[in-house]
Amino acid sequence: MEPFYSDGLRFSCRQCSGCCRGAPGFVYLSRRDLESICTFMKVSPEFFTERYCRWVPKGGVEVLSLIEKSNNDCIFWEAGKGCVIYPARPFQCSSYPFWASVLSIGEKSWQALAEDCPGINCGRLHTREEIESVLEQRKHNPYISRKTGGMN
């Protein structure tokens, strides 16, 4: 069966920051994300994880995620600036909205996401090949995880 996106999907970010602020959520990090952000910020991974991250339960393990501000904005989103680590932003952010959790459910999930994101169904057509390349990249850069209870 062909995926609902076999003819591609339209998306162009409108830079509204709706996906970065105002609602609770998780920004999971891969090792590549952690290295990239630490290099960009010129900090050690140990400092970064202690200051900007938390472990959250996901599928029987704990996964490294960015913390949020008290108002649920991303820790790296600033008024008037947007994402202050944009050149090194996590893959989860740069691959939005082409996430397996959205695309595997089907078109209803895509359309539901479009209700909150003005860039979905607008702008550039992303081909099936491009979308599947994004999904494949995620598989090759899994989130940093540890067994529940702090065991590595």
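The structure contained in this document is the topic of the report that follows. (Residues numbered from 1 in each chain as written. Predicted model: local features only at pLDDT ≥ 70, side-chain atom pairs only at ≥ 80, totals over all residues. Heavy atoms only, no water.)

1. Digging into the pairing of strand β2 (residues 53–58)
Turning to step 1, where the next piece is worked out: As paired strands, β2 and strand β3 (residues 61–66) are joined by six bridges and run antiparallel to one another. Paired with lysine 58 across the two strands is valine 61, which belongs to β3.
Turning to step 2, where the next piece is worked out: As consecutive antiparallel partners, β2 and β3 are separated by two residues, and within that stretch glycine 59 has a phi angle of approximately 60 degrees, a positive value. (Pairing = 2+ DSSP bridges. Helix = DSSP H or I, 4+ residues; strand = E, 2+ residues; numbered from the N terminus.)

2. Some details on helix α1 (residues 31–41)
Turning to step 1, where the next piece is worked out: Buried residues of α1: Asp33, Leu34, Ile37 and Cys38, and no others. For α1, the angular spread of buried residues about the axis comes to 120 degrees, placing them on one side. α1 presents Arg31, Arg32, Glu35 and Thr39 as exposed residues on the side facing more than 90 degrees away from its buried surface.
Turning to step 2, where the next piece is worked out: Buried residues in α1 make contact with α2 (45–52), α3 (91–94) and α6 (128–140). (Buried < 20%, exposed > 50% of the residue type's maximum accessible area, 1.4 Å probe, protein only. Arc of directions from axis to C-beta. Contact = heavy atoms within 4.5 Å.)

3. A look at the sheet that holds β3
Turning to step 1, where the next piece is worked out: Strand order in the open sheet formed by three strands is β2-β3-β7, and the pairing between neighbours is antiparallel. For this open sheet the edge positions go to β2 and β7 (145–147), each flanked by a neighbour on one side alone. Each strand of the sheet is rotated relative to its neighbour by a mean of 35 degrees, with strand direction disregarded. (Axes fitted to C-alpha atoms, helices over the stretch in contact; angles between N-to-C directions.)

4. Here we look at the environment of isoleucine 85
Turning to step 1, where the next piece is worked out: Along the chain, isoleucine 85 turns up in the loop between β5 (82–83) and α3.
Turning to step 2, where the next piece is worked out: A residue is classified by how much of its surface remains accessible, and isoleucine 85, at 3% relative accessible area, is buried.
Turning to step 3, where the next piece is worked out: Residues isoleucine 85 and phenylalanine 11, 74 residues apart in the sequence, show an inter-C-alpha distance of 22 Å.
Turning to step 4, where the next piece is worked out: Excluding residues that lie within four positions of it along the chain, isoleucine 85 makes contacts with Ile37, Phe40, Met41, Phe76 and Pro90.

5. Let's talk about unusual backbone geometry
Turning to step 1, where the next piece is worked out: With omega at 5 degrees, the peptide bond leading from tyrosine 96 into proline 97 counts as cis.
Turning to step 2, where the next piece is worked out: Within the element layout of this structure, proline 97 appears in the loop between α3 and α4 (100–103).
Turning to step 3, where the next piece is worked out: Even without glycine at this site, asparagine 72 takes up a positive phi of about 75 degrees.
Turning to step 4, where the next piece is worked out: Turning to its location among the elements, asparagine 72 is positioned in the loop between β3 and β4 (77–78).
Turning to step 5, where the next piece is worked out: Residue classification places asparagine 72 among the partly exposed positions, given a relative accessible area of 25%.

6. Comments concerning the pattern of salt bridges
Turning to step 1, where the next piece is worked out: Taken as a whole, this structure holds eight salt bridges when the rule is applied.
Turning to step 2, where the next piece is worked out: In this structure, the salt-bridge partner of arginine 124 is glutamate 130, at a minimum N-O distance of 3.0 Å.
Turning to step 3, where the next piece is worked out: On the basis of relative accessibility, which here comes to 42%, the residue arginine 124 falls in the partly exposed class.
Turning to step 4, where the next piece is worked out: The network of salt bridges with common partners includes Glu2, Arg128 and Glu132. (Salt bridge = Lys/Arg side-chain N within 4 Å of Asp/Glu carboxyl O.)

7. Describing the side chain of serine 109
Turning to step 1, where the next piece is worked out: Its location among the elements puts serine 109 in helix α5 (residues 107–114).
Turning to step 2, where the next piece is worked out: One polar contact links the side chain of serine 109 to the main-chain carbonyl oxygen of valine 102, over a distance of 3.4 Å.
Turning to step 3, where the next piece is worked out: When residues no more than four places from it in sequence are discounted, the contact partners of serine 109 are Ser101 and Val102. (Polar contact = N/O pair within 3.5 Å; in protein donor to acceptor, adjacent residues only side chain to side chain.)

8. Structural notes on the nonpolar core
Generally speaking, nonpolar side chains in soluble globular proteins are found buried as a group.
Turning to step 1, where the next piece is worked out: Ranked by internal contacts, the top residues of the largest apolar core, which has 17 residues, are Leu29, Phe48, Leu66 and Phe76.
Turning to step 2, where the next piece is worked out: Looking at this core, the elements with two or more residues in it are α1, α2 and β3.
Turning to step 3, where the next piece is worked out: Ranked by residue count, the leading element in this core is α1, at three residues.
Turning to step 4, where the next piece is worked out: In this structure, phenylalanine 48 is in contact with Leu29, Leu34, Ile37, Cys38, Met41, Val43, Cys53, Leu66 and Phe76, ignoring residues within four places of it in sequence.
Turning to step 5, where the next piece is worked out: Residues Leu9, Trp110, Cys117 and Val134 belong to the second largest nonpolar core, which totals 15 residues. (Core = buried A, V, L, I, M, F, W, Y, C linked by side-chain atoms within 4.5 Å.)

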